[in-house]
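For reference, the chains in residue letters:
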Amino acid sequence: MRWLIHFGSLAAGVVALGAAHVSAQRLPADVTPSHYDLSFDVDLANARFTGTETIRVDLAQPARAIVLNAAEITFREVTIESGSTRQTATVALNDARQTATLTVPRQLPGGPAQIHITYGGILNDKLRGFYLSTESNQRIAVTQLEATDARRAFPSFDEPSFKATFDISLTIDARDSAISNGRVISDTPAAGGAKHVVKFSTTPKMSSYLVAMAVGRFSCIEGSAESTPIRICGIEGKGEMGRIALDMAQQILKFYNTYFAIKYPYGKLDVLAVPDFAAGAMENTAAIFYRERDLLVDSKDASLTVRKRIASVLAHEMAHQWFGDLVTMKWWDDVWLNEGFANWMESRPLAAIRPDWNVAVDEALDNQAALGLDALKTTHAVHAPVETPAEIDEAFDAITYQKGASVLRMIENYLGPDTFRAGVNTYLRAHAYGNATSQDFWSAMAEASGKPVERIMPTFINQPGAPLLEVSVSCINNRSQIDISQQRFFLDPSLMQTRSAERWQIPVCIKAGSSGAGGCDLIADNKQTLSLGNSCVPWAFANAGAQGYYRTAYSPEMLRALAPRIQEALTPPERLSLSGDEWALVRAGRHSVIDYLTLAAGYATEHTDGVLSTVVDKFEYIDEYLTTPENRPRFQRFVRSLFVPLFQEIGFTSTAVDSDERRALRATLIHTLGVTGEDPEVAASARTALDRALGGGPALDPTLAHSIIEVAARHGDAALFDTILASAERSTSGDEKYRYLYALAQFTDPALINRALAYSLTPKLRSQDTASFFARFLHEEAARPRAWAFMKEHWAQLEPKIAIFGGDTTVTSALGSFCDAATREDIRAFFGQHPLPSASRTLSQTLERIDNCVALRASQTSKVSEFLQR
Ligand SMILES: [Zn+2]
């Protein structure tokens, strides 16, 4: 699955309300399914369906009862056939455990049996299971079964290790068509003639959460890669907006067919965008389902961000066809084997297809996002026990995705890409159509490489947190000596002092001095000394390539030696990692904000957008939390003095020859100067450009549009508010629509903020967008207190829209933007009363972040004043 929000853009975050930890919810292991025959008669008009199901199972021993999963299913008739006897079973439901126990009068012998079930179900509005999505007058039935919702569509052995084959047929209205995992093998009129029956080819052996069905009026565009047909589909009338996606999907599939020893094994690939979808996208075997915004776009209006997102989500879901679908984790405690892998893999084809996109910088940014969450005491190990559906849902977080991917990149860098690839292929071949564990992975890697991967990886996967390496250089007998010590890094300064016991085996790569000396070594001890070359160097950078999953702290002397050289000496990912680590050290109370601001001056000529963005994000934070009303204008002046020269070089207006990178850099500068820097000229230019575009003049450069609209809205009035809202409602292009919709959070007039918040209660805002909408307001200083008050006041109405996959954690995490003790207590108390079970860890993380911000404010506000006096 792919999340709708990039974790980097929002802090992630509560906890264990001491919650009744439901004891192990696993099915007994003695009944194993091998094949499902599933027939659905779909009644879109009444939002329900009936199902007829046969499951072929094998009983390890004689039994009178079989337990499987079912939720929101109404059983009609159940019989179990064994040999020549067929017995009617009684059904006992356990709602809490989401199981049904089928009991027959006489004992079934061990060996094969067939379970026959007829049942009814509802097409719900919760975006999970088999659910209803609507757009204007169209109704669509669609599935989202990961992680534990196949049981809402059909009674099933709904655990990833119970792999089986599936024959699916759908009886649907005459004007509708259907998409599923298999290809269509027949399409015939149903008895009675008003409907037709679409039958699909038998699927390969796969887990129940990967079953896919969609019914509606779809339009598709078709292509292929190496004889595999590929279709990009949307609801009627939208298929044409899949051109960018189709082009990418073809190139990505070719890349994967070369990278993996096993070529794409499923015969066809359909990718379908649906109007209502909780996650970003879902990797159902050979039938990837998507949120519209992340797949379909008007080619003329596609910003760099949206083109990158389409490509990276496709690359992610397509990587899952191998990592997840072909080889599946044995249990959800290893979901990183799916998600960490897909996140790691998605960059590989992108880097090959679009080298100009600086994918390595995005990867370094992902490392930073994971390291940020891992610094909290409320983090968790990548491999961590989960049992209940709520715990499983919450495992889909930045640790699973980004940390999982970061650790893989570090290992790939350590082994070399060819050796790593050989290990990946050993692993895939060994477990194809089966299941695997973390242990299986590092054993395959160790075997392929002959290196101690099985000692390194568990230290990163099985224990929480990340190491901080303290690095210093000395010169002894004209040789450089680098001393490195490790300890767990915590955001909370008091925890740092306790020096907790975790130790890592860390592949560390060094780059030293301008001579280019360096090399990689494995750091296994608390303290280790590396010897470098035969001359002395003034500085050493201890995360060469920025592929290491750790933070580094340098002595003040070394930082002073390095700072003026960062633009020449370090690559963009390295510069990003240096500034990210320095900021983390400020937040952890080890360095002063003055150190950070001094280093940041070295980024005033930064030409890589991803790097500049991470630096100016911290400026936005300092501006809001660490200035006083008295010195804030002075800080804003400092921001302008730092970045106006670069802005003058880049300019406000795009030209036809500008690269994507230059446009993205321009967008970041407009936003920084227009918002954090409060530059009146930039604000005026943004308003003029927007008014012209809205008045029928030249359209905004799609890559700049987001910044221009936000800056204009930040300084905008009621008339602009009305225009922006109307533009959001009128837009048919997803990217443009959300650009306008989310810009509503930028207005600072309380009356306009209230109007925008009230919009969330209208049917015009889809459930899938509700959490992201509020997250935007919670991120903004002016809107934040109102947004929180509004959410509490209207919780009964909002809760069903927010408590969908990912929505609960998005909102809970966004509350981490508060920075005062009273609101912290209010948030804690509110969710004590109104728990969101899948966001309990996120809540603890949010409270911890607020505590950190409060402490930082107390210690660093005066430092900012001191810096500004200079
Ligand atoms: Zn995924």
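About the criteria used
Residues numbered from 1 in each chain as written. Predicted model: local features only at pLDDT ≥ 70, side-chain atom pairs only at ≥ 80, totals over all residues. Heavy atoms only, no water. 1 Å grid on protein atoms, 1.4 Å probe; cavity = no way out; pocket = protein on both sides within 12 Å on 5 of 7 lines; lining within 4 Å. Points joined across faces, edges and corners; volume = space filled by probe spheres on them. Helix = DSSP H or I, 4+ residues; strand = E, 2+ residues; numbered from the N terminus. Nonpolar A, V, L, I, M, F, W, Y, C, P; charged D, E, K, R; others polar. Core = buried A, V, L, I, M, F, W, Y, C linked by side-chain atoms within 4.5 Å. Buried < 20%, exposed > 50% of the residue type's maximum accessible area, 1.4 Å probe, protein only. Contact = heavy atoms within 4.5 Å. Polar contact = N/O pair within 3.5 Å; in protein donor to acceptor, adjacent residues only side chain to side chain. Axes fitted to C-alpha atoms, helices over the stretch in contact; angles between N-to-C directions. Parallel < 35°, antiparallel > 145°, perpendicular 65-115°, else oblique. Left-handed = near helix turned anticlockwise from the far one by under 90°. Salt bridge = Lys/Arg side-chain N within 4 Å of Asp/Glu carboxyl O. Disulfide = S-S within 2.5 Å. Pairing = 2+ DSSP bridges.

### Re the layout of surface pockets
Taken as a whole, the second largest pocket holds about 590 Å³ of empty space. Along the walls of the second largest pocket sit 33 residues, with Arg128, Asp393, Ala803, Asp808 and Ser838 positioned nearest its centre. Counting only elements with at least two residues in the lining of the second largest pocket, the list comes to helix 5 (389–394), helix 25 (795–802) and helix 26 (807–814). Take the lining of the second largest pocket: its biggest share by element is four residues, from helix 5. Of the residues in the lining of the second largest pocket, the class split is 15 nonpolar, eight polar and 10 charged.

### Re the nonpolar core
If you look at the biggest cluster of nonpolar residues, it comprises 307 residues, and the most contacted ones within it are Ile115, Phe154, Phe157, Leu314 and Phe619. Ranked by residues supplied to this core, first place goes to helix 6 (residues 398–415) with 10 residues. Apart from residues lying up to four places away in sequence, Phe619 is in contact with Tyr596, Leu597, Ala600, Phe635, Phe638, Val639, Leu642, Phe643 and Thr676.

### Examining the environment of Arg488
Residue position: Arg488 is located in strand 24 (residues 479–488). The class for Arg488 is buried, based on a relative accessible area of 7%. Sequence separation between Arg488 and Asp374 is 114 residues, and the spatial gap between their C-alpha atoms is 9.9 Å. Not counting chain neighbours up to four residues away, the residues in contact with Arg488 comprise Leu376, Thr379, Pro464, Gly465, Ala466, Pro467, Met496, Ser500, Glu502 and Trp504. Within the structure, the side chain of Arg488 is placed 3.0 Å from the side chain of Glu502, a separation counted as a polar contact.

### What about the packing of helix 20 (residues 718–730) against helix 22 (residues 750–759)?
Two elements in contact, helix 20 and helix 22, have axes separated by 11 Å at closest approach and are oriented at 20°. When the axis of helix 20 is compared with that of helix 22, the two are roughly parallel. Read as a crossing pair, helix 20 and helix 22 show a hand that is right-handed. Of helix 22, the residues touching helix 20 (which contributes Ala718, Phe721, Asp722, Leu725 and Glu729) are Leu752, Arg755, Ala756 and Tyr759. Counted by class, the contact of helix 20 with helix 22 contains six nonpolar, no polar and three charged residues.

### Considering the side chain of Glu292
Along the chain, Glu292 falls in the loop between strand 20 (287–291) and helix 2 (304–320). With relative accessibility at 14%, the residue Glu292 sits in the buried group. Of the polar contacts made by the side chain of Glu292, one reaches the side chain of Lys238; its length is 2.8 Å. When sequence neighbours within four positions are dropped, the list of residues in contact with Glu292 reads Ile235, Lys238, Ala273, Val274 and Pro275.

### A closer look at the pattern of salt bridges
Tallied over the full model, the rule gives 51 salt bridges. Among the salt bridges present, the one from Lys195 reaches Asp41, with a minimum N-O distance of 2.5 Å. Placement of the pair is Lys195 in strand 14 (residues 195–200) and Asp41 in strand 1 (residues 31–43), with a sequence separation of 154 residues. Overall, the relative accessible area of 30% leaves Asp41 in the partly exposed class. Between Asp658 and Arg662 there is a salt bridge; the shortest N-O distance is 3.5 Å. On the accessibility criterion, Arg662 (29% relative accessible area) is partly exposed.

### With respect to the state of the cysteines
The final tally for this structure, using the stated rule, is four disulfides. At a sulfur-sulfur separation of 2.1 Å, the disulfide partner of Cys819 is Cys853. Looking along the S-S bond of the Cys819-Cys853 disulfide, the torsion reads about -100°, which is the left-handed sense. Residue Cys819 is found in the loop between helix 26 and helix 27 (821–833), and its partner Cys853 is found in helix 28 (residues 840–869); the two are separated by 34 residues along the sequence. Residue Cys853 is classed as buried on the basis of its relative accessible area, which comes to 3%. Sequence-ordered numbering of the bonded cysteines in the protein chain yields a pairing of 1-2, 3-6, 4-5, 7-8.

### Comments concerning the pairing of strand 6 (residues 90–94)
Note that strand 6 and strand 7 (residues 99–108) share five bridges and pair antiparallel. Bridge assignment links Asn94 to a residue of strand 7, and that residue is Thr99. The turn joining strand 6 and strand 7, which pair antiparallel and follow one another in sequence, is formed by four residues; a positive phi near 55° is taken by Gln98.

### With respect to the sheet that holds strand 7
Taken together, the three strands give an open sheet; going across it, the order is 3-7-6, and neighbouring strands pair in antiparallel fashion. What marks the edges here is a single partner per strand, and that holds for strand 3 (63–69) and strand 6. Each neighbouring strand pair of the sheet contributes to a mean axis angle of 25°, computed without reference to strand direction. Where strand 3 meets strand 7, six bridges bridge the pair, whose relative direction is antiparallel. Counted as the bridge partner of Val67 is Thr101 from strand 7.

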